[in-house]
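Per-entry structural report
In case you want the letters, here they are:
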Amino acid sequence: MPSDDLVAPALLLGGRLSIDFANIPSYPGAPAQHLSWEELIAFLEASHIVSAERGASLLALSGSDPDAAQTLLSRSVRLRDALRRAFGATVRKEGIAREWAEPINQILRITEGHDELVFGGNLWTAEIIVEGAQARLRICANPACGLFFTDNSRTRRRRWCSMAICGNRHKVASFARRHAS
Ligand SMILES: [Zn+2]
């Protein structure tokens, strides 16, 4: 797991930008509230929301203007948490209240001085609200993981965010259980 000075590469395994955003910092079992400035910028770069050049200047912002960086970070966390709530409800087939789109729309436009990072509000709202149940949205079967993904498999029975991460961990654990006695 990444510590403060070591940022793991952003795992883009959600299949959609909005799902990837809900997953950041995108490693299985990350503490629910956690997100560092470095992890946010790493995600923005990996998903091509910002260029590497822009990412570098954003990284420096936490030193040159910590308040601005903190504001951006907390808005991003609010957006991420709103997406998690919406996706969690979808996975549990609870449906999504139309009002939920409003707070998401409000925070999609992130301003930082005269620059803006616009995450494409209408598109994301359409993804979440309109597609909803048909979106093949899943949550990883590893209860300690919590990552969302889109199941594009032919059989639609994908269980893990990543076979390499949670799938193998599960296989190793059940193998060990079977051979424990
Ligand atoms: Zn997982």
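Residues numbered from 1 in each chain as written. Predicted model: local features only at pLDDT ≥ 70, side-chain atom pairs only at ≥ 80, totals over all residues. Heavy atoms only, no water.

Quick notes on the coordination of the zinc ion
Protein coordination of the zinc ion is provided by C140 (SG), C145 (SG), C161 (SG) and C166 (SG), with donor distances spanning 2.3 to 2.4 Å. Given four donor atoms and angles of 106 to 116° at the metal, the environment of the zinc ion is assigned as tetrahedral. Positions of the donor residues of the zinc ion along the chain correspond to the pattern C-x4-C-x15-C-x4-C. Pair noted here: C145 is in the loop between β3 (137–139) and β4 (148–150) and C166 is in helix α7 (residues 163–178), with a separation of 21 residues, a long-range link. Classification of C145 by relative accessible area gives buried; the value is 7%. Owing to a relative accessible area of 1%, C166 belongs among the buried residues under this scheme. (Donors = N, O, S within 2.8 Å, 3.2 Å for Na, K, Ca; no water. Tetrahedral: all angles 85-135°; square planar, octahedral: opposite > 155°, others 65-115°. Helix = DSSP H or I, 4+ residues; strand = E, 2+ residues; numbered from the N terminus. Buried < 20%, exposed > 50% of the residue type's maximum accessible area, 1.4 Å probe, protein only.)

A closer look at the environment of C140
Note on placement: C140 falls in the loop between β3 and β4. When its relative accessible area of 6% is taken as the criterion, C140 is described as buried. For C140 and S162, which are 22 residues apart along the polypeptide, the C-alpha to C-alpha distance reads 8.3 Å. Beyond its immediate chain neighbours, meaning those up to four positions away, C140 contacts C145, L147, F149, R159, W160, C161 and C166. (Contact = heavy atoms within 4.5 Å.)

Regarding the pattern of salt bridges
Under the criterion given, the structure shown has three salt bridges. Note that R80 and D81 form a salt bridge whose closest N and O atoms lie 3.0 Å from each other. Using a relative accessible area of 0% as the deciding quantity, one classes R80 as buried. Close ionic contact of R92 with E94 constitutes a salt bridge, the shortest N to O distance being 2.9 Å. Exposure class is identical for R92 and E94. Each is exposed. (Salt bridge = Lys/Arg side-chain N within 4 Å of Asp/Glu carboxyl O.)

Here we look at the packing of helix α3 (residues 52–64) against helix α4 (residues 66–91)
To characterise two packed helices, one gives the angle between the axes of the helices and the distance between these axes. For the pair α3 and α4, the least separation of the axes is 6 Å and the interaxial angle reads 120°. Of the possible angle classes, the one that applies to α3 and α4 is oblique. On the side of α3, the interface is formed by L58, L61, S62, G63 and S64, while α4 contributes P66, A68, A69 and L72. Broken down by class, the residue content of the contact of α3 with α4 amounts to six nonpolar, three polar and no charged. (Axes fitted to C-alpha atoms, helices over the stretch in contact; angles between N-to-C directions. Parallel < 35°, antiparallel > 145°, perpendicular 65-115°, else oblique. Nonpolar A, V, L, I, M, F, W, Y, C, P; charged D, E, K, R; others polar.)

Points about the side chain of S26
Note on placement: S26 falls in the loop between α1 (17–23) and α2 (37–46). In contact with S26, not counting residues within four places along its chain, are L11, D20 and L147.

Overview of the packing of α2 against α3
Here α2 crosses α3 at 170°, and the two axes come no closer than 9 Å. Viewed along their axes, α2 and α3 adopt a mutual orientation that is roughly antiparallel. Together, W37, E38, I41, L44 and E45 of α2 and A52, G55, A56, L58, L59, L61 and S62 of α3 make up the contact between the two elements. Here the contact of α2 with α3 is composed, by residue class, of eight nonpolar, two polar and two charged.

Some points on the nonpolar core
Core analysis: the largest hydrophobic core is formed by 22 residues, its most contacted members being W37, L40, L44, L58 and F87. Mapped by element, the contributors of at least two residues to this core are α1, α2, α3 and α4. Counting residues per element, this core draws most heavily on α4, which supplies seven residues. The next biggest cluster of nonpolar side chains, apart from the first, holds eight residues, and it includes C145, L147, F149 and C166. (Core = buried A, V, L, I, M, F, W, Y, C linked by side-chain atoms within 4.5 Å.)

Description of α4
For α4, built from 26 residues, the straight-helix expectation of 38 Å at 1.5 Å per residue is met to within 8% by its first-to-last C-alpha distance of 37 Å. Directly after α4, the chain includes K93, whose backbone phi takes a positive value near 55°. (Expected span 1.5 Å × (residues − 1).)

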